[in-house]
Amino acid sequence: MIRFGPAGNSQSFYDAGYKSSVDAPKWLKSIGLSAYEYQCNKGVNISKEKARQIGQEAQKYDILVSIHAPYYINFGSQEEEKLQKSKEYIYECVEVAKEMKAQRIVFHPGSCAKVKRSLAFETAKKAILEVVNVLKEMHVDGIFLCPETMGKKNNLGSSDEIIEICKMDEMLLPTIDFGHINAFEGGSLKTEEDFENLLKKFIDQLGYERMKYFHSHFSRIEYTSQGEKKHWNYEDKQFEPDFEPLAEALCKLKLEPVIICESKDYMAEDALVLKKIYQETLEKRM
């Protein structure tokens, strides 16, 4: 079963009278969604009690919870202080994930804007593996670290780089952001074959069993020659990619990822649109 859900809370959540993310699982269940990505983009600023409450509500309403780690993470930095702080952000997210019963922590690998890409990438791989080893020593089980494919050319996170990172350890599960990849590669994802070839590349390198339930983000993204520029909503059809060919590829390859919608304003509404497209595709193929 593919799970669909939003990145954070749509405005309609608040318009419905809800004020706290503790209410998000109940609301998501009521509208037909089954996943939720809690946003720690600007820092890990949630109490253990609130995280525990969200986790309890998520279990009650069968909502799979993931956490998006802070944007400040930069495992490609050549400054030891920044590397250490990046590691601490992950450790903080792990503590929240334990309380929230979250299974996946999404993070951006880092930047290569100020140094040679190969140097930043090797630094990032070493730092990420150090984090994994620390978490294993802490006996952290049932939580995946999910490095995300990125959309800007000056960020680490091409599809090949994410595959190489995930090859290091089974605790690492890719977050395939299809809008980011399309922006990074200048409009590479248009047809069912395009999406199928991308997914097969991950499957060939990481294995089908590992990839069957991979993590993903989807939204339409405006881009320039330097990659990602801006997220838009699904109805903004002048921007790419389309979800229909991805739905076809997912059905054909029998993959069941978590799909988190990162549309500009209507994350939950668009997640429902994606779910509807997938269900119609599935029914058509049966």
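Note on numbering: residues in each chain are counted from 1, in written sequence order. In keeping with the model being predicted, local features are shown solely for residues with a pLDDT of at least 70 and side-chain atom pairs are shown and tallied solely at 80 or more, while totals for entire chains, interfaces and linings include all residues. As a convention, hydrogens and water are excluded, and side-chain values are obtained from all of the structure's heavy atoms.

Participant: Please clarify how the pattern of salt bridges should be interpreted in this entry.
Facilitator: Opposite charge on two side chains permits pairing when their charged atoms draw close. Salt bridges are identified by distance alone: a Lys or Arg side-chain nitrogen within 4 Å of an Asp or Glu carboxyl oxygen. Per the counting criterion, the structure on display carries 24 salt bridges. A salt bridge links Lys 201 to Asp 160, with the nearest nitrogen and oxygen atoms 3.2 Å apart. Separated by 41 residues along the polypeptide, Lys 201 in helix H8 (residues 192-206) and Asp 160 in helix H6 (residues 159-166) bring together distant segments of the chain. Relative accessibility thresholds used throughout: buried, under 20% of the residue-type maximum; exposed, over 50%; partly exposed, between the two (1.4 Å probe, protein chains only). What makes Lys 201 partly exposed here is its relative accessible area of 28%. In this text, helices come from DSSP runs of H or I with a minimum length of four residues, and strands from runs of E with a minimum of two, each type numbered from the N-terminal end.

Participant: Whenever I open this one, the sheet that holds strand S9 (residues 215-218) confuses me. Can you help?
Facilitator: Hydrogen bonding along the main chain pairs the strands of a sheet, whether they run parallel or antiparallel. Strand order across the open sheet formed by 4 strands is S1-S12-S9-S8, with parallel pairing between neighbours. Of all the strands in the sheet, just strand S1 (3-6) and strand S8 (175-177) have a single pairing partner and so form its edges. Taken over all neighbouring pairs, the strand axes of this sheet differ in orientation by 25° on average, direction set aside. A pair of strands is treated as paired once DSSP finds two or more bridges between them. To obtain each axis, a line is fitted to C-alpha atoms, and for helices this fit is confined to the stretch in contact; angles are then taken between N-to-C directions over 0 to 180 degrees.

Participant: How do you make sense of the side chain of Glu 262 when you look at a structure like this?
Facilitator: Residue position: Glu 262 is located in the loop between strand S12 (258-261) and helix H11 (267-285). Lys 152 provides the closest opposite charge to the buried, salt-bridge-free Glu 262, at an N-O distance of 12 Å. Side-chain atoms alone can form a polar contact between residues adjacent in sequence; in general such a contact is a pair of N or O atoms within 3.5 Å, and within protein one must be able to donate a hydrogen while the other accepts it. A distance of 3.4 Å separates a polar atom in the side chain of Glu 262 from a polar atom in the side chain of His 217. Setting aside chain neighbours within four positions, we find Glu 262 in contact with Ala 7, His 68, Glu 148, Asp 177, His 217, Phe 218, Ser 219, His 231 and Met 267. The sign given to each residue is positive for Lys and Arg and negative for Asp and Glu; His and the chain ends receive no count. We call two residues in contact whenever any of their non-hydrogen atoms come within 4.5 Å of each other.

Participant: In this structure, what is going on with helix H3 (residues 48-60)? I would like to understand it.
Facilitator: A turn of α-helix holds 3.6 residues, and therefore any two residues three or four places apart point the same way. Take the number of residues in a helix, subtract one, and multiply by 1.5 Å to get its expected span. Counted at 1.5 Å a residue, the expected span for H3 with its 13 residues is 18 Å, and the 18 Å between its end C-alpha atoms agrees. All of the buried residues in H3 are Ala 51, Ile 54, Gly 55 and Ala 58. End-on, the buried residues of H3 take up no more than an arc of 100°, which puts them together on one face. Against the buried residues of H3 lie helix H2 (24-31), strand S2 (35-39), strand S3 (64-68) and helix H4 (80-100). With its phi angle positive at about 55°, Asp 62 sits one or two positions after the end of H3. Regarding the arc, it is the one traced by the directions from the helix axis to the C-beta atoms.

Participant: Where do I start with the pairing of strand S11 (residues 227-232) in this structure?
Facilitator: One face of the sheet, then the other: side chains in a regular strand alternate in exactly this way. Of the strand pairs in this sheet, strand S10 (residues 220-224) and S11 are connected by 5 bridges, and their pairing is antiparallel. Bridge assignment links Tyr 223 to a residue of S11, and that residue is Glu 228. Hairpin connection of S10 to S11: 2 residues between the antiparallel strands.

Participant: Explain the side chain of Ser 10 to me, please; I cannot follow it from the model alone.
Facilitator: For Ser 10, the location among the structural elements is in the loop between S1 and helix H1 (11-15). Residue Ser 10 is classed as buried on the basis of its relative accessible area, which comes to 0%. Here the side chain of Ser 10 touches Glu 269 through a polar contact of 3.2 Å, side chain to side chain. Ignoring sequence-local partners within four residues, the contact set of Ser 10 consists of Asp 265, Tyr 266, Met 267, Ala 268 and Glu 269.

Participant: Looking at this structure, I do not really get the UniProt feature "domain: Xylose isomerase-like TIM barrel" (unreviewed entry) in the chain. What am I missing?
Facilitator: Look at the UniProt record and you will see "domain: Xylose isomerase-like TIM barrel" (unreviewed entry) annotated at residues 26-270. The annotated region residues 26-270 carries 44% helix and 18% strand content, and the separation between its end C-alpha atoms amounts to 18 Å. UniProt positions are given in the numbering used here, feature names are shortened, and annotations may be inferred rather than shown by experiment.

Participant: I tried to follow the packing of H8 against helix H10 (residues 244-253) on my own but got confused; where do I start?
Facilitator: Two quantities define a packed helix pair, namely the angle between the axes and the distance from one axis to the other. At a minimum axis separation of 8 Å, H8 and H10 run at an interaxial angle of 45°. In terms of orientation, H8 lies oblique with respect to H10. Between H8 and H10 the crossing geometry is right-handed. Along the contact surface, H8 presents Glu 192, Phe 195, Glu 196, Leu 199, Lys 200 and Ile 203, while H10 presents Pro 245, Leu 246, Glu 248, Ala 249, Leu 250, Lys 252 and Leu 253. Residues were grouped as follows: Ala, Val, Leu, Ile, Met, Phe, Trp, Tyr, Cys and Pro as nonpolar; Asp, Glu, Lys and Arg as charged; and all remaining residues, including Gly, as polar. A per-class count over the contact of H8 with H10 returns 8 nonpolar, no polar and 5 charged. The scheme is simple: roughly parallel for angles under 35 degrees, roughly antiparallel for over 145, roughly perpendicular for 65 to 115, oblique for anything else. By convention the crossing between two helices is left-handed if the near helix lies anticlockwise of the far one by an angle smaller than a right angle, and right-handed if it lies clockwise.

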